[in-house]
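Secondary and tertiary structure notes
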Amino acid sequence: QQNVQQSPESLIVPEGARTSLNCTFSDSASQYFWWYRQHSGKAPKALMSIFSNGEKEEGRFTIHLNKASLHFSLHIRDSQPSDSALYLCAVRDGMGYKLTFGTGTSLLVDP
Amino acid sequence: NAGVIQTPRHKVTGKGQEATLWCEPISGHSAVFWYRQTIVQGLEFLTYFRNQAPIDDSGMPKERFSAQMPNQSHSTLKIQSTQPQDSAVYLCASSLDRQGVSNERLFFGHGTKLSVL
């Protein structure tokens, strides 16, 4: 049974700061690692994913993955008030279809 | 493209009543998922359909929850004898299911907020 944990639970950062969000998982056979973002009252929306160890950058967002440590993270450069949302990490298992989500990190970017 | 459509947006039921939630996936998406979201538990997987066939219902409370996908354009989640602990946001998601692609992104609807009094 996959167990996905996120830290911190909540975070307040000033506008322009670099933000780091963490996610750990329990199943070493996990294959794909996602970050989703959910603005208040809205649907969760996929941000980006990674498959291989290392990092992947898309604009202001970077994912780091370390499979041996069962850990991946999301880094936001130059955080904006519009980045304020619930960030959900998710792990896709070896079966290839099921995404298991963490409980989320609530981010507030203070202008 | 209207995205994944869920109805109703809000539903209030009395304890013991039945609730039926509807989902219209994105046209052309053959994978449909149901999740339940609460503050405490986060997003919990309930069930998954592929090409309308039920594939995995391991997250469904067995006794009172059921899900169907009678055609490619809609799926329903039915909760019988609703209990206060069923109060949550029920999210439907769909994705493509392309040959050779094993990491499709999920597109979520806005959810149905179920309140059981």
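Residues numbered from 1 in each chain as written. Chains lettered and ligands numbered in written order. Predicted model: local features only at pLDDT ≥ 70, side-chain atom pairs only at ≥ 80, totals over all residues. Heavy atoms only, no water.

Observations concerning the sheet that holds strand S8 (residues 71-76) of chain A
Residue and element names in this part refer to chain A. If you walk across this open sheet you meet the 5 strands as S1-S3-S8-S7-S6, and the pairing is antiparallel. Two strands lie at the open edges of the sheet, namely strand S1 (5-7) and strand S6 (54-58), each paired on one side alone. The sheet shows a mean angle of 15° between the axes of neighbouring strands, taken without regard to direction. Relative to strand S3 (residues 19-24), S1 runs antiparallel, the two sharing 3 bridges. Its bridge partner lying in S3, Ser-7 is registered against Asn-22. (Pairing = 2+ DSSP bridges. Helix = DSSP H or I, 4+ residues; strand = E, 2+ residues; numbered from the N terminus. Axes fitted to C-alpha atoms, helices over the stretch in contact; angles between N-to-C directions.)

Details of the state of the cysteines
One pass over the structure, following the stated rule, counts 2 disulfides over all chains. Paired through a disulfide, Cys-23 of chain A and Cys-89 of chain A show a sulfur-sulfur distance of 2.0 Å. Handedness here is read from the sign of the S-S torsion; for Cys-23 of chain A and Cys-89 of chain A, about 65°, the answer is right-handed. Taken together, the residues Cys-23 of chain A in strand S3 and Cys-89 of chain A in strand S9 (residues 85-92) connect sequence positions 66 residues apart. In this pair, the class of Cys-23 of chain A matches that of Cys-89 of chain A, namely buried. One disulfide in the model links Cys-23 of chain B with Cys-92 of chain B; its S-S distance is 1.9 Å. In this structure, the disulfide formed by Cys-23 of chain B and Cys-92 of chain B twists by about -65° around the S-S bond and is classed as left-handed. Here the residue Cys-23 of chain B occupies a position in strand S3 (residues 19-24), and Cys-92 of chain B occupies one in strand S9 (residues 88-95), the gap between them amounting to 69 residues. (Disulfide = S-S within 2.5 Å. Buried < 20%, exposed > 50% of the residue type's maximum accessible area, 1.4 Å probe, protein only.)

Some points on the packing of aromatic side chains
Applying the stated criterion across every chain yields a total of 16 aromatic pairs over all chains. Grouping aromatic residues by their ring pairs yields a cluster made of Trp-34, Tyr-36, Tyr-97 and Phe-101 of chain A together with Phe-33, Tyr-35, Phe-45, Tyr-48 and Phe-108 of chain B. Here the guanidinium or amino end of Lys-67 of chain A rests over the ring plane of Phe-51 of chain A, the centre of that ring lying 4.9 Å away. (Phe/Tyr/Trp six-rings, centres within 6.5 Å; stacked < 30°, edge-to-face > 60°. Lys NZ or Arg CZ within 6 Å of the ring centre and 35° of its normal.)

Digging into the environment of Asp-110 of chain A
Here Asp-110 of chain A is to be found in strand S11 (residues 105-110). Separated by 73 residues in sequence, Asp-110 of chain A and Arg-37 of chain A place their C-alpha atoms 18 Å apart.

Remarks on the interface of chain B and chain A
If you look at the interface, chain B gives 22 residues, while chain A gives 21 residues. Across the chain B/chain A interface, buried area totals approximately 1,700 Å², and carbon plus sulfur atoms make up 52% of it. The largest contributions to the chain B side of the interface with chain A come from Leu-43, Asn-103 and Arg-105 of chain B, which together make up 30% of the buried area. On inspection of chain B and its partner chain A, the count reaches 0 salt bridges. Linking chain B with chain A are 9 residue pairs in polar contact (both at pLDDT 80 or more). Sorting the residues of the side of chain B that touches chain A by element identifies strand S4 (31-38), strand S5 (42-50) and strand S6 (53-56) of chain B as the ones contributing at least two each. Ranked by residue count, the leading element in the side of chain B that touches chain A is S5 of chain B, at 4 residues. Classifying every residue of the side of chain B that touches chain A gives 10 nonpolar, 8 polar and 4 charged. (Contact = heavy atoms within 4.5 Å. Buried area = accessible area lost by both parts, 1.4 Å probe. Salt bridge = Lys/Arg side-chain N within 4 Å of Asp/Glu carboxyl O. Polar contact = N/O pair within 3.5 Å; in protein donor to acceptor, adjacent residues only side chain to side chain. Nonpolar A, V, L, I, M, F, W, Y, C, P; charged D, E, K, R; others polar.)

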